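Okay, here's what each chain looks like letter by letter:
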Amino acid sequence: AARRLDPRVRDYTKMVGAAYGTTAEALVTVLIVLYVFGACWGYLVLLSDTLGPLVRKVAPAVDESLVRILLQCGSTAVCIGLCSLRSINTLKYSSALAVAAVLTTVVMLVRNYAAHPCTAGDCATAAGP
(Lines give C-alpha, C1' and ligand atoms only; values in the text may rest on other atoms or scores of the structure.)
Protein backbone atom coordinates (compact mmCIF):
# COMPACT_ATOMS: atom_id res chain seq x y z
CA ALA A 1 0.00 0.00 0.00
CA ALA A 2 2.83 2.42 0.85
CA ARG A 3 4.52 1.68 -2.46
CA ARG A 4 1.42 2.79 -4.37
CA LEU A 5 1.59 6.13 -2.57
CA ASP A 6 5.31 6.61 -3.08
CA PRO A 7 7.23 4.51 -5.65
CA ARG A 8 10.53 5.24 -3.84
CA VAL A 9 9.42 2.97 -0.96
CA ARG A 10 11.37 -0.26 -1.38
CA ASP A 11 12.01 -1.28 2.20
CA TYR A 12 10.97 -0.52 5.78
CA THR A 13 13.39 2.36 6.29
CA LYS A 14 12.22 4.10 3.11
CA MET A 15 8.63 3.71 4.28
CA VAL A 16 9.51 5.38 7.60
CA GLY A 17 11.38 8.07 5.69
CA ALA A 18 8.38 8.73 3.44
CA ALA A 19 6.06 8.93 6.43
CA TYR A 20 8.20 10.76 9.02
CA GLY A 21 11.19 12.28 7.21
CA THR A 22 14.88 11.62 6.79
CA THR A 23 15.72 11.94 10.50
CA ALA A 24 13.33 9.13 11.40
CA GLU A 25 14.67 7.08 8.47
CA ALA A 26 18.23 7.47 9.76
CA LEU A 27 17.14 6.58 13.31
CA VAL A 28 15.35 3.43 12.14
CA THR A 29 18.41 2.45 10.07
CA VAL A 30 20.65 2.79 13.13
CA LEU A 31 18.19 0.80 15.26
CA ILE A 32 18.03 -1.99 12.68
CA VAL A 33 21.84 -2.15 12.49
CA LEU A 34 22.09 -2.32 16.30
CA TYR A 35 19.40 -5.00 16.46
CA VAL A 36 21.11 -7.14 13.82
CA PHE A 37 24.53 -6.63 15.42
CA GLY A 38 23.14 -7.71 18.81
CA ALA A 39 21.49 -10.78 17.31
CA CYS A 40 24.71 -11.78 15.54
CA TRP A 41 26.74 -11.26 18.72
CA GLY A 42 24.25 -13.41 20.63
CA TYR A 43 24.65 -16.22 18.11
CA LEU A 44 28.43 -16.02 18.37
CA VAL A 45 28.28 -16.23 22.17
CA LEU A 46 25.83 -19.13 21.95
CA LEU A 47 28.10 -20.90 19.48
CA SER A 48 31.16 -20.47 21.69
CA ASP A 49 29.21 -21.66 24.75
CA THR A 50 27.99 -24.70 22.83
CA LEU A 51 31.27 -25.67 21.19
CA GLY A 52 33.49 -24.66 24.13
CA PRO A 53 33.03 -27.88 26.14
CA LEU A 54 33.77 -29.94 23.02
CA VAL A 55 37.01 -28.07 22.38
CA ARG A 56 38.01 -28.35 26.05
CA LYS A 57 37.54 -32.13 25.86
CA VAL A 58 39.88 -32.28 22.89
CA ALA A 59 42.39 -29.81 24.37
CA PRO A 60 41.90 -29.71 28.17
CA ALA A 61 45.05 -27.66 28.82
CA VAL A 62 43.74 -24.65 26.90
CA ASP A 63 42.25 -21.85 29.02
CA GLU A 64 38.45 -21.51 28.84
CA SER A 65 38.51 -17.80 28.00
CA LEU A 66 41.00 -18.43 25.20
CA VAL A 67 38.73 -21.13 23.77
CA ARG A 68 35.78 -18.70 23.79
CA ILE A 69 37.80 -15.96 22.12
CA LEU A 70 39.13 -18.29 19.43
CA LEU A 71 35.68 -19.73 18.73
CA GLN A 72 34.12 -16.27 18.49
CA CYS A 73 36.91 -14.95 16.26
CA GLY A 74 36.73 -18.03 14.03
CA SER A 75 32.97 -17.75 13.75
CA THR A 76 33.28 -14.05 12.99
CA ALA A 77 35.74 -14.82 10.18
CA VAL A 78 33.30 -17.31 8.68
CA CYS A 79 30.47 -14.77 8.92
CA ILE A 80 32.58 -12.05 7.30
CA GLY A 81 33.44 -14.44 4.49
CA LEU A 82 29.79 -15.26 3.93
CA CYS A 83 28.84 -11.57 4.01
CA SER A 84 31.52 -10.74 1.43
CA LEU A 85 30.07 -12.91 -1.32
CA ARG A 86 29.26 -11.10 -4.55
CA SER A 87 25.88 -12.76 -5.00
CA ILE A 88 23.37 -13.90 -2.43
CA ASN A 89 22.55 -16.85 -4.70
CA THR A 90 25.77 -18.45 -3.50
CA LEU A 91 24.23 -18.82 -0.03
CA LYS A 92 21.52 -21.17 -1.28
CA TYR A 93 23.89 -24.08 -0.76
CA SER A 94 24.53 -23.18 2.86
CA SER A 95 20.90 -22.54 3.82
CA ALA A 96 20.20 -26.22 4.55
CA LEU A 97 23.32 -26.29 6.71
CA ALA A 98 22.14 -23.16 8.56
CA VAL A 99 18.72 -24.68 9.23
CA ALA A 100 20.37 -27.88 10.48
CA ALA A 101 22.67 -25.83 12.74
CA VAL A 102 19.75 -23.92 14.25
CA LEU A 103 17.79 -27.10 14.83
CA THR A 104 20.83 -28.77 16.39
CA THR A 105 21.31 -25.79 18.70
CA VAL A 106 17.68 -25.86 19.80
CA VAL A 107 17.80 -29.61 20.42
CA MET A 108 21.06 -29.30 22.39
CA LEU A 109 19.67 -26.48 24.55
CA VAL A 110 16.45 -28.35 25.30
CA ARG A 111 18.39 -31.57 26.01
CA ASN A 112 20.80 -29.73 28.31
CA TYR A 113 17.93 -28.10 30.20
CA ALA A 114 16.13 -31.44 30.55
CA ALA A 115 19.28 -33.15 31.81
CA HIS A 116 20.31 -30.35 34.17
CA PRO A 117 17.26 -28.28 35.20
CA CYS A 118 17.94 -25.01 36.91
CA THR A 119 17.07 -24.83 40.60
CA ALA A 120 16.94 -21.74 42.77
CA GLY A 121 20.44 -20.59 43.69
CA ASP A 122 22.00 -23.17 41.38
CA CYS A 123 22.16 -21.17 38.14
CA ALA A 124 24.34 -18.21 37.34
CA THR A 125 21.32 -16.22 36.13
CA ALA A 126 19.12 -17.02 39.13
CA ALA A 127 18.06 -14.02 41.21
CA GLY A 128 19.85 -13.77 44.50
CA PRO A 129 18.24 -13.25 47.95
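Now for a quick tour of the structure. (Residues numbered from 1 in each chain as written. Predicted model: local features only at pLDDT ≥ 70, side-chain atom pairs only at ≥ 80, totals over all residues. Heavy atoms only, no water.)

1. What about the environment of Arg68?
Within the secondary structure, Arg68 sits in helix α4 (residues 64-83). Ignoring anything within four residues of it in the chain, the contact list for Arg68 reads Val45, Ser48 and Asp49. A polar contact of 2.5 Å, which involves the side chain of Arg68, links it to the side chain of Asp49. (Helix = DSSP H or I, 4+ residues; strand = E, 2+ residues; numbered from the N terminus. Contact = heavy atoms within 4.5 Å. Polar contact = N/O pair within 3.5 Å; in protein donor to acceptor, adjacent residues only side chain to side chain.)

2. Some words on the packing of helix α3 (residues 22-58) against α4
The geometry of a pair of packed helices is captured by two quantities: the angle between their axes and the separation between those axes. Orientation of α3 relative to α4, taken along the N-to-C sense of each, is 130 degrees, at an axis distance of 8 Å. One finds that α3 runs oblique with respect to α4. You can see that α3 and α4 cross each other, and the crossing is right-handed. Along its contact with α3, which presents Trp41, Leu44, Val45, Leu47, Ser48, Asp49, Leu51, Gly52, Val55 and Arg56, the element α4 presents Glu64, Val67, Arg68, Leu71, Gln72, Ser75 and Thr76. Its residues assigned to classes, the contact of α3 with α4 shows 8 nonpolar, 5 polar and 4 charged. (Axes fitted to C-alpha atoms, helices over the stretch in contact; angles between N-to-C directions. Parallel < 35°, antiparallel > 145°, perpendicular 65-115°, else oblique. Left-handed = near helix turned anticlockwise from the far one by under 90°. Nonpolar A, V, L, I, M, F, W, Y, C, P; charged D, E, K, R; others polar.)

3. A word on the packing of helix α2 (residues 12-20) against α3
It is the contact of α2 with α3, at a shortest axis distance of 7 Å, that shows an interaxial angle of 150 degrees. Overall, the two elements α2 and α3 adopt an arrangement that is roughly antiparallel. Once α2 is placed against α3, the crossing between them reads as right-handed. In this structure, α2 contributes Tyr12, Thr13, Lys14, Val16, Gly17 and Tyr20 to the contact, and α3 contributes Thr22, Ala24, Glu25, Val28, Thr29 and Ile32. Residues belonging to the contact of α2 with α3 are distributed by class as follows: 6 nonpolar, 4 polar and 2 charged.

4. Re the pattern of salt bridges
The full count for this structure, using the stated rule, is 2 salt bridges. A salt bridge links Lys14 to Glu25; the shortest N-O distance between them is 3.3 Å. Of the two residues, Lys14 sits in helix α2 while Glu25 sits in helix α3, which places them 11 residues apart along the sequence. Owing to a relative accessible area of 40%, Lys14 belongs among the partly exposed residues under this scheme. Of the charged contacts in the structure, one is a salt bridge between Arg68 and Asp49, with a shortest N-O distance of 2.5 Å. Taken as a pair, Arg68 in helix α4 and Asp49 in helix α3 lie far apart in primary sequence, 19 residues in all. With a relative accessible area of 28%, Arg68 lands in the partly exposed category. (Salt bridge = Lys/Arg side-chain N within 4 Å of Asp/Glu carboxyl O. Buried < 20%, exposed > 50% of the residue type's maximum accessible area, 1.4 Å probe, protein only.)

5. Details of a nonpolar patch on the surface
Taken together, the side chains of Tyr12, Met15, Ile32, Tyr35 and Val36 make up a nonpolar region of the molecular surface, amounting to roughly 520 Å² of accessible area. Breaking the nonpolar patch down by element, the ones donating at least two residues are α2 and α3. The element that contributes the greatest number of residues to the nonpolar patch is α3, accounting for 3 residues. On the secondary structure map, Tyr35 appears in helix α3. Given a relative accessible area of 63%, Tyr35 falls into the exposed group. (Patch = residues over 30% accessible without salt bridge, like charges linked within 9 Å, V, L, I, M, F, W, Y side chains within 5 Å. Areas by Shrake-Rupley, 256 points an atom, 1.4 Å probe, with all protein chains shown as cover.)

6. Topic: the side chain of Glu25
In this structure Glu25 comes out as buried when scored by relative accessible area, which is 17%. If we skip the residues at most four places from it in the chain, Glu25 touches Thr13, Lys14, Val16 and Gly17.

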